[in-house]
Structure formats: C-alpha cells, structure tokens
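Given next are the chains, with one letter for each unit.
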Amino acid sequence: MIEQCVGTISTCIMLNGSPGDVFSPQRGLRQGYPLSPYLFILCMKTFSRSLLQAEHNNLIHYIKINEYCPAISHLFFADDCLIFAKAYNKEARNLMNIIDKFSTFSGQSINYQKSGIAFSKGVPNQLKNEISNILNIKKLAINDNYLGVPLLLQRNKTQSFRPLLDMGIKIIKKYVVWDVGDGSDIQIWKHIWIPSISSNVPSHFSSTNMITVSQLIDDDTKSWNLQTLNALFDNHTVNAIISIRIPFSGKDCLRWIVWSSANPSLMSTISNVVSFQDWIISLFQVSNTTNNDIVLQLSAFIMWHIWKCRCKKVFEAYQETQSEVVYLIKSEYSTWNNFLSTNSTPVVSNIRPAMSRWKKPDNPYMKINWDAAFDEVTKNVGIGLISRSFAGVTDGARYCRDKALDPEQAEAKAQLDAALWGGSKGYQNVHLEGVCLNVVNALNGSLD
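The model shown is predicted, which means the values in this text are computed figures rather than measured ones.

**Student:** Just checking my understanding: could you explain the overall build of the protein for this structure?
**Tutor:** The number of helices and strands found in the protein is 14 helices and 14 strands. Looking at the protein residue by residue over its 448 residues, the buried ones come to 31%. Across the protein, contacts joining residues at least 24 apart in sequence account for 54% of those joining residues at least 6 apart. A total of about 28,600 Å² of accessible surface is found on the protein, and carbon and sulfur atoms cover 54% of it.

Now the structure itself:
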C-alpha cells in the first residue's frame with residue numbers, strides 16, 4: 001500500500017504561472033508531501049532499535065546528565081538525528097557499522113556535508129581527530145548552529161545566544177515608535193516618532209538647527225508650531241504630525257505600535273520605559289497576574305511567528321513581509337482570546353457595549369456624556385458632548401473636530417475634552433460618562 005502511495009505520484013512544473021508536462025518522479029518526495037513524516041517514522045524506527053540493541057549489547061554507551069537521569073541515546077527531529085555516545089575509537093567503529101548497515105538496507109545515506117560531531121572538553125585533541133576520521137564527520141565549531149540555534153553553549157550563555165537575540169530585537173525594533181511627551185528626547189531626523197510613517201521623517205528642508213521634537217512644540221499652548229512644521233515638511237507629513245496629541249505633562253517614551261490599540265493593558269505596562277533594553281526586560285517583570293499572562297501569551301505568539309518567518313526564508317526561500325507577519329500574529333492572538341472567552345465567560349466588547357437608557361446623576365452632580373466618531377481613512381475625529389443636571393435639564397452641548405491615530409485614542413480625546421469643558425463651565429461636582437470601556441477604566445484606574 002505504501003509503495004502504491006509513493007510510486008503512483010505524478011507532478012508537473014509551473015513556469016510563469018503555466019503548468020508544464022506531467023511526469024512521474026523516479027526518486028525522492030516533494031517538499032511538504034503528506035506521507036513524509038510517517039515514512040520517516042517507519043524508517044527511523046528501525047535505526048532507533050538498532051541503536052538500542054547495540055547499547056544493550058554494550059557495543060556503544062550513551063550519556064547521562066547525572067546519576068538520577070535516564071541515559072540519552074538519540075533524538076530525532078524532522079529529518080535530522082542526534083546521537084550521543086562515549087568518545088572511544090571502538091565505539092565510533094561500532095556506531096559506523098550500525099549506520100552503514102542501516103544505509104544498505106534502507107537506501108538512506110548520511111549527508112556528510114551537513115553533519116558534525118562535538119566532544120566534551122575533557123577529550124584529548126588526538127582522540128577527537130581519530131574519531132572524526134573514523135566517522136568521516138567534521139568537528140563542529142563553537143559558533144555552528146542548528147536551525148538557527150547554537151549547538152555548543154559557551155560559559156557565557158548570553159554570548160552564545162547573542163545572534164538569536166540580536167535577530168529578534170532587530171525584528172521587534174521595526175515596530176517601535178516614540179510617544180511624544182515633551183519632545184526633548186526625540187531626534188527629529190533620526191528617530192521614528194510619527195506612527196503613520198515607519199521610517200525617518202521625510203523633509204524638503206532638513207535644518208541643522210532643528211534637532212529635537214521639542215523645537216516643533218509651542219510650550220505655552222502645548223500645541224504644534226504650524227509655521228515651523230510647514231517650513232520643514234510636506235502637507236502629508238504635517239497632517240500626520242498634528243494628529244499626534246501633545247500631553248500637558250510627561251516625558252517621551254517608547255511604545256510598540258503593533259499592539260497600541262489591540263492590547264492597551266500591555267502598553268500601559270511599558271509606556272513609561274525609555275531604554276529599549278529595559279523595555280524588553282520589563283515584559284518579564286510584570287507583577288500583576290493578569291498582565292503577566294498577557295505578556296507570556298503575546299511573547300509566545302511573537303517568538304513563534306518570528307521563528308516561522310525565519311524557517312520560511314531558509315527552507316522555502318520565501319520572505320514574508322512585515323505586514324504579513326504582524327497580521328498573522330494579531331489574527332491568531334485574537335482567535336486564541338476569542339476561544340478562551342467563549343470557553344469561559346461570555347465575550348464583552350471593550351470598545352462599545354450595548355447602550356442602556358440615560359440615568360440621571362446624583363444631586364448635586366452634573367453629568368457630561370461624551371462620544372467620538374473616527375474616520376479610519378482620513379483619521380478625522382468628530383467629538384460630541386452634552387451636559388445635563390440631576391433633574392435631566394440640559395445645560396449645554398458641544399461639537400468639535402480633531403485628529404487621532406485610532407478609535408480608542410479618539411474616545412480618549414473626547415473624554416479629555418469633556419473634562420476640560422466641565423472645568424470651563426465651573427462645575428464642582430461632575431460625572432463623566434462614555435461608551436469606551438478601556439478609556440473609562442483607564443480614567444478610573446481599573447484597566448486590566
């Protein structure tokens with residue numbers, strides 16, 4: 001039956017989108033063939049039993065990490081095999097004999113160009129060379145990798161995994177953007193600080209006198225200096241800059257734009273971190289249990305997809321774009337959260353829950369209801385406010401326009417306008433009411 005499954009395969013080659021003539025392969029299986037894992041298990045099971053039998057007959061001896069652990073003989077992963085044995089010439093010859101017999105019976109052979117041998121530090125160099133010659137396998141260097149991960153660890157583990165860490169940090173840095181506080185730490189031309197522009201700020205007049213973003217801000221009004229912006233940037237860049245809200249107080253900080261709206265609770269955890277290294281470390285130092293779960297889940301999804309992206313590049317010669325990787329991470333993370341929600345408690349929207357009838361505030365409070373409409377294309381925001389007393393009497397209504405990066409920021413701006421409007425009207429006791437739970441909970445200090 002297996003022979004029929006393998007021997008009746010036909011295939012063709014796509015050339016410029018058009019299939020060529022159909023032919024039957026004479027050897028090998030195509031990459032991704034569904035039966036490959038099962039055929040591998042069937043073949044390698046025989047090899048595994050040969051190694052175990054040789055150990056039973058004291059022809060080879062495997063290693064133990066300590067006296068309480070079981071002996072480690074061999075490990076199989078995909079189409080790779082790791083064999084552990086004692087460093088003796090006799091055992092090397094016995095192992096080579098097992099490999100030769102398996103190759104003869106199965107038709108499989110070792111790829112010596114991709115094979116390597118490593119020794120413990122106590123093995124003499126002469127013995128290393130002799131065993132390497134017997135097996136016809138080269139000795140591994142300290143910096144050799146297996147699937148991108150170092151095989152041989154140095155005493156300094158951080159140094160061993162430095163290339164992998166650097167690769168991960170390089171990918172993560174692509175999505176880091178500066179949040180504008182006072183603008184003193186952000187360099188206009190070197191840092192990425194405009195969320196809608198993922199590269200250095202373009203300019204048709206790069207001034208050497210303009211260095212930090214703080215020079216683009218009017219300190220008195222805490223607003224952008226439009227005259228300076230129009231002199232330095234084109235209209236598109238100016239519109240992108242003025243959509244960034246300048247807080248009344250606070251310092252510049254780094255944030256990860258990918259999760260700015262998808263996971264505000266995670267962003268609140270790292271929003272006050274300036275050093276990128278400190279930011280990465282802070283992900284694993286969250287004291288709140290709920291936030292810690294979020295960090296671990298996000299970290300798992302992100303690292304898994306970074307690894308998958310690397311494997312597609314190496315083995316399939318396919319380079320995923322940044323947007324593809326981000327989309328997959330967000331999509332699968334969302335699916336995972338939905339699964340957890342539907343299998344535990346009912347899903348409750350954190351943006352816009354079902355509205356109930358208006359309830360009057362307690363005497364002598366005034367209630368200001370706020371809401372925002374957001375245009376995803378233009379980033380325009382429309383804000384509506386209405387103020388009513390405990391008796392239900394309207395004391396005023398207001399409408400204004402603004403810019404925002406996402407719907408959640410639009411709602412936050414609406415809440416801020418409501419608070420400022422209440423202050424300007426001289427309210428001593430005011431109740432702010434909106435429909436965005438994340439913004440409301442953030443104001444109340446109860447954001448999970």
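**Student:** I would appreciate a short explanation of the packing of aromatic side chains in the present structure.
**Tutor:** Note on aromatic pairs: each is described by the distance of the centres and the angle between the planes. This model, assessed by the stated rule, comprises 5 aromatic pairs. Residues Phe47 and Phe102 carry aromatic rings whose centres are separated by 4.9 Å and whose planes lie at 35° to one another, so their mutual orientation is tilted. Taken together, the positions of Phe47 in helix α2 (residues 36–56) and Phe102 in helix α3 (residues 89–106) put the pair 55 residues apart, joining distant regions of the chain. For the pair Phe47 and Phe102, one class covers both residues: buried. With centroids separated by 5.7 Å and ring planes inclined at 40°, the aromatic side chains of Trp189 and Phe233 adopt a geometry described as tilted. A residue pair is termed long-range when its members are at least 10 positions apart, and Trp189 in the loop between β7 (176–179) and β8 (217–218) and Phe233 in the loop between α7 (226–232) and α8 (235–242) qualify at 44 residues. Residues Trp189 and Phe233 agree in their burial class; the two are buried. Taken together, Phe47, Phe76 and Phe102 form an aromatic cluster joined through their ring pairs. Directly above the ring of Trp358 sits Arg388, whose terminal nitrogen or CZ lies 4.3 Å from the centroid.

**Student:** So what exactly am I meant to see when it comes to the pattern of salt bridges here?
**Tutor:** Oppositely charged side chains are able to pair whenever their charged atoms sit close together. For the structure shown, the criterion picks out 6 salt bridges. For Glu376, the salt bridge identified is with Lys379, shortest N-O distance 3.2 Å. On the basis of relative accessible area, Glu376 is assigned to the partly exposed category, the value being 48%. On the basis of relative accessibility, which here comes to 26%, the residue Lys379 falls in the partly exposed class.

**Student:** Is there a simple way to explain the nonpolar core in this structure?
**Tutor:** Within soluble globular proteins, side chains that are nonpolar tend to cluster in buried spots. Membership of the largest hydrophobic core comes to 24 residues, with the highest contact counts inside it found for Trp193, Leu216, Trp224 and Phe233. Breaking this core down by element, the ones donating at least two residues are β7, α7 and α8. It is α8 that provides the largest number of residues to this core, a total of 3 residues. With near-sequence residues (within four places) excluded, Leu216 lies in contact with Ile188, Trp193, Met210, Ser223, Trp224, Asn225, Thr228, Leu229, Leu232 and Phe233.

**Student:** Looking at this structure, how should I read the confidence of the model for the protein?
**Tutor:** When pLDDT is low, close inspection of the predicted coordinates is not appropriate. Here the protein shows a mean pLDDT of 78. Residues at 70 or above account for 80%. Mean pLDDT across the secondary structure elements of the protein bottoms out at helix α9 (residues 264–270), with 40, and peaks at helix α4 (residues 125–135), with 92. The low-confidence segment residues 259–277 (pLDDT under 50) makes 50 contacts with residues lying over four places distant or belonging to another chain.

**Student:** What am I meant to see in the packing of helix α13 (residues 407–424) against helix α14 (residues 437–444) here?
**Tutor:** Packed helix pairs are specified by the crossing angle of their axes together with the interaxial distance, meaning the distance between the axes. Their axes nearest at 9 Å, the elements α13 and α14 cross at an angle of 50°. If you check the angle between α13 and α14, you find them oblique. Once α13 is placed against α14, the crossing between them reads as right-handed. Along the contact surface, α13 presents Glu408, Glu411, Ala412 and Gln415, while α14 presents Asn438, Val439, Val440 and Leu443. Within the contact of α13 with α14, the residues separate by chemical class into 4 nonpolar, 2 polar and 2 charged.

Conventions used here
- Residues numbered from 1 in each chain as written.
- Predicted model: local features only at pLDDT ≥ 70, side-chain atom pairs only at ≥ 80, totals over all residues.
- Heavy atoms only, no water.
- Helix = DSSP H or I, 4+ residues; strand = E, 2+ residues; numbered from the N terminus.
- Buried < 20%, exposed > 50% of the residue type's maximum accessible area, 1.4 Å probe, protein only.
- Contact = heavy atoms within 4.5 Å.
- Areas by Shrake-Rupley, 256 points an atom, 1.4 Å probe, with all protein chains shown as cover.
- Phe/Tyr/Trp six-rings, centres within 6.5 Å; stacked < 30°, edge-to-face > 60°.
- Lys NZ or Arg CZ within 6 Å of the ring centre and 35° of its normal.
- Salt bridge = Lys/Arg side-chain N within 4 Å of Asp/Glu carboxyl O.
- Core = buried A, V, L, I, M, F, W, Y, C linked by side-chain atoms within 4.5 Å.
- pLDDT = per-residue confidence, 0-100.
- Axes fitted to C-alpha atoms, helices over the stretch in contact; angles between N-to-C directions.
- Parallel < 35°, antiparallel > 145°, perpendicular 65-115°, else oblique.
- Left-handed = near helix turned anticlockwise from the far one by under 90°.
- Nonpolar A, V, L, I, M, F, W, Y, C, P; charged D, E, K, R; others polar.

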